[in-house]
Amino acid sequence: MTRTIAFLAALWLALPAGAADKFVFGTNWRAEAEHGGFYQALAEGRYVRYGLEVTIREGGPQVNQNQLLAAGVLDAAMISNNAEALNFLKHNIPMVTVAAFFQKDPQVLLTHPGSPIRAIPEMKGRPIMISADARDTWWRYFELRFGFDESQIRRYTFNIAPFLVNPDAIQQGYVTSEPFMALREGVRPKVFLIADTGWPAYSTLVTVSKELAEKRPSVVQRFLNASIEGWYSYLHGDPTPGNLLIKKTNPEMPKALIGYGIASMKEHGIVESGDALTLGIGAMTEDRLRAFFDAMVRAGVYPREMDHMAAFDLGFVNKGHGIGMRR
């Protein structure tokens, strides 16, 4: 597979100008810093240089990108974590995940600055506001690891107001956004990154149809190579091109929040940590994928006999592509 991809990529670069492949990529939310590398690649013309005419279709609360991917409206979709990839497999939907742009899940739990809590295990028995998606992923992991219980769960409405008015509140969020929102309202929260507990999930993964990966691997490889370069440029160069495109796509996105998001991703190693430091941005490894699967099997989410690796294709990443762009 790797030699075939290299050959097809080289063949493409020899084709005459103007023969660009159209490619539609759906993100998992409205344009934000967490998508910065993709917008940077688009703004800097990196996709064009790889012979692609890329359209980034932003997500949102009423957009189901996975359905659009399955329907063929999208060529690739951004999924939030490994569980979505495994759910495609579980339900016999012919998709394959080809890259993980976040080595750490950016989800956090927030407490007020005066809270006596010093670590996530100390939250056992306390009410915690979480989303519906969290109940079947990291919450299951916490139940096994720290003895959390469903009686603790309170509904998280993606509104920080209930947290702000309750000094005892604990709330789910993203390290790149909710702490900023609290700060803007005069509360400097304690921030506990879920990934720091050993939670092994990747995040911001790219999924394509098996048909595209098998029949047009050069298209997938070129999209990923350009996106990887876009992320290196966004984090190590001038992010202005990507930020301007984010603002154009999502005018409601505050400039200050974009800057906070970039700084948070760098500080916590969201994109560049672990295997990505040696294998390059987008890295996925069998060991890490196995660790997540084993944790979910123990939690009763997936059957042990499930061939979890069938949900992933590691042939497009782990090549150190673009790693020389790191400063």
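Residues numbered from 1 in each chain as written. Predicted model: local features only at pLDDT ≥ 70, side-chain atom pairs only at ≥ 80, totals over all residues. Heavy atoms only, no water.

What follows covers the packing of helix α2 (residues 36-43) against helix α11 (residues 240-249). The contact between α2 and α11 brings their axes to 7 Å, and the two run at 100°. Regarding the angle of α2 to α11, the classification is roughly perpendicular. In this structure, α2 contributes G36, Y39, Q40, L42 and A43 to the contact, and α11 contributes P241, G242, L245, I246 and T249. Of the residues contributing to the contact of α2 with α11, the split by class is six nonpolar, four polar and no charged. (Axes fitted to C-alpha atoms, helices over the stretch in contact; angles between N-to-C directions. Helix = DSSP H or I, 4+ residues; strand = E, 2+ residues; numbered from the N terminus. Parallel < 35°, antiparallel > 145°, perpendicular 65-115°, else oblique. Contact = heavy atoms within 4.5 Å. Nonpolar A, V, L, I, M, F, W, Y, C, P; charged D, E, K, R; others polar.)

Take the sheet that holds strand β1 (residues 21-26) next. Two strands in a sheet stick together by hydrogen bonds in their backbones, pointing the same way (parallel) or opposite ways (antiparallel). Spatially, β2-β1-β3-β10-β4 is the arrangement adopted by the five strands of the open sheet, whose pairing is mixed. Two strands bound the open sheet, and with one partner strand each, they are β2 (52-57) and β4 (95-102). Strand-to-strand, the axes of this sheet are offset by a mean angle of 30°, without reference to chain direction. The sheet strands contacting helix α10 (residues 217-236) are β1, β2, β4 and β10 (203-209), and the helix crosses β4 at an angle near 15°. (Pairing = 2+ DSSP bridges.)

The next point concerns the packing of aromatic side chains. Taken as a whole and judged by the stated rule, the model has 19 aromatic pairs. Through a chain of ring-to-ring contacts, the aromatic side chains of F23, F25, F38, Y47, F101, F102, F223, W231 and Y234 assemble into a single cluster. A cation over an aromatic ring shows up here: R288 above the ring of Y202, its NZ or CZ 4.3 Å from the ring centre. (Phe/Tyr/Trp six-rings, centres within 6.5 Å; stacked < 30°, edge-to-face > 60°. Lys NZ or Arg CZ within 6 Å of the ring centre and 35° of its normal.)

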